[in-house]
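As a plain string of letters, each chain reads:
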Amino acid sequence: MRRVLPFPWVSAALLLLWLLLVGSMGPGALLLGAALALVGGWLLAVLDPPRTRLRRPLAALRLAWVVLVEVFRSNNAVARLIMAPATRGRSSGFVRIPLDMRSPAGLAALACILTATPGTVWAEYDSTRGIMLLHVLDLIDEEEWVRIIKDRYEARLMEIFE
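Attention here is on the structure that accompanies the text. Here the structure is a predicted model, which is why all the values come from computation and not from measurement.

Here we look at the pairing of strand 2 (residues 120-126)
Item 1. With six bridges connecting them, strand 2 and strand 3 (residues 131-136) associate as antiparallel partners. Across the sheet, the residue bridging to Glu 124 is Leu 133, located in strand 3.
Item 2. If you look at the hairpin formed by strand 2 and strand 3, you'll find four residues sitting between the two strands, and Gly 130 has a positive phi there, around 70°.

Looking at helix 2 (residues 27-47)
Owing to its 3.6 residues per turn, the α-helix aligns residues three or four sequence positions apart on the same side.
Item 1. The terminal C-alpha atoms of helix 2 lie 30 Å apart, and with 21 residues this matches the ideal 30 Å at 1.5 Å per residue to within 8%.
Item 2. Within helix 2 the residues assigned to the buried category are Ala 29, Gly 33, Ala 37, Gly 40 and Gly 41. Each buried residue of helix 2 sits inside an arc of 95° when the element is viewed along its axis, so together they form one side. Across helix 2 from its buried face, at more than 90 degrees, point the exposed residues Pro 27, Leu 31, Leu 43 and Val 46.
Item 3. Looking at the buried positions of helix 2, the neighbouring elements they touch are helix 1 (8-22).

Comments concerning the pairing of strand 3
A regular strand carries its side chains on alternate faces of the sheet.
Item 1. Most of strand 3 is tucked away: five of the six residues are buried.
Item 2. Pairing geometry for strand 1 (residues 93-98) and strand 3, over six bridges, is antiparallel. Bridged to Ile 97 within strand 3 is Met 132.

Some details on the pattern of salt bridges
Item 1. Evaluated as defined, the whole model comprises eight salt bridges.
Item 2. Across the pair Glu 159 and Arg 56 runs a salt bridge whose closest N-O atoms are separated by 3.4 Å. Of this pair, Glu 159 sits in helix 5 (residues 142-161) while Arg 56 sits in the loop between helix 2 and helix 3 (57-83), placing them 103 residues apart in sequence.
Item 3. On the basis of relative accessible area, Glu 159 is assigned to the partly exposed category, the value being 26%.
Item 4. Residue Glu 70 is joined to Arg 152 by a salt bridge in which the shortest nitrogen-to-oxygen separation is 2.7 Å.

Points about the packing of aromatic side chains
Item 1. A full pass over the atoms with the stated rule returns one aromatic pair.
Item 2. Ring geometry for Trp 122 versus Tyr 125: centroids 5.8 Å apart, planes at 40°, classification tilted.
Item 3. By relative accessible area, which is 17% here, Trp 122 ends up buried.
Item 4. Here Tyr 125 falls in the partly exposed class, since its relative accessible area comes to 23%.

Remarks on the environment of Glu 124
Item 1. Following the sequence through the fold, Glu 124 ends up in strand 2.
Item 2. Judged by relative accessible area, which is 42%, Glu 124 ranks as partly exposed.
Item 3. Considered as a pair, Glu 124 and His 135 are eleven residues apart in the sequence and their alpha carbons are 9.3 Å apart.
Item 4. Beyond its immediate chain neighbours, meaning those up to four positions away, Glu 124 contacts Arg 96, Ile 131, Met 132 and Leu 133.

Rules used in this analysis
Residue numbers restart at each chain and count upward from 1, following the sequence in its written direction. Owing to the predicted nature of the model, reporting of local features is limited to residues with pLDDT of at least 70; listing and counting of side-chain atom pairs is limited to 80 or more, with chain, interface and lining totals taken over all residues. Think of the side-chain values as coming from all heavy atoms in the structure, minus any hydrogens and water. Strands pair, by our definition, only if DSSP identifies at least two bridges between them. Put simply, DSSP H or I for four residues or longer makes a helix, DSSP E for two residues or longer makes a strand, and each gets a number counted from the N terminus. Expected span of a helix, by definition, is 1.5 Å for each gap between consecutive residues, and there is one gap fewer than residues. Only protein chains enter the area calculation, which uses a 1.4 Å probe; residues under 20% of their type maximum are buried, those over 50% are exposed, and those in between are partly exposed. Think of it as the arc spanned by the lines of direction from the helix axis to the C-beta atoms. Any two residues whose heavy atoms approach within 4.5 Å are treated as being in contact. The rule for a salt bridge is simple: a side-chain nitrogen of Lys or Arg has to be within 4 Å of a carboxyl oxygen of Asp or Glu. Here a pair means two rings of Phe, Tyr or Trp (six-membered ring of Trp) with centres within 6.5 Å. Their orientation is stacked below 30 degrees between planes, edge-to-face above 60, and tilted elsewhere.

This is the structure in structure tokens:
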């Protein structure tokens, strides 16, 4: 069974996502979605991702809520910057953030969170020194950003993955 469905949850999620995107439960949509789900699972098996276990699923749900709220808040902040650019002097910039986390899954999750949050982009990671370079659209206080990343995201991700 593992040869046909190496990642059954991923395949099921791909099928569900396909059906939601197509907006149909017709036989053609189901057949094409099942084929895409199978191929997606096989392609992921070829990549051979390391097995990662969530140590604390409840902490992952709490982090998901924090990320959802932050994305909503950041969307509003970026929209205000775009709609009223002359309200005050704005400057974007880069912040170097020292990270204690070394888990590849945790670092990947942090990169996804920061890049998905409007106004921030993970720009670089120095694995030898553990320093992340973050671009911030509206940079006011670098130390504040270091504290936000370390307290709001890194600590929670370390609880989940390490």
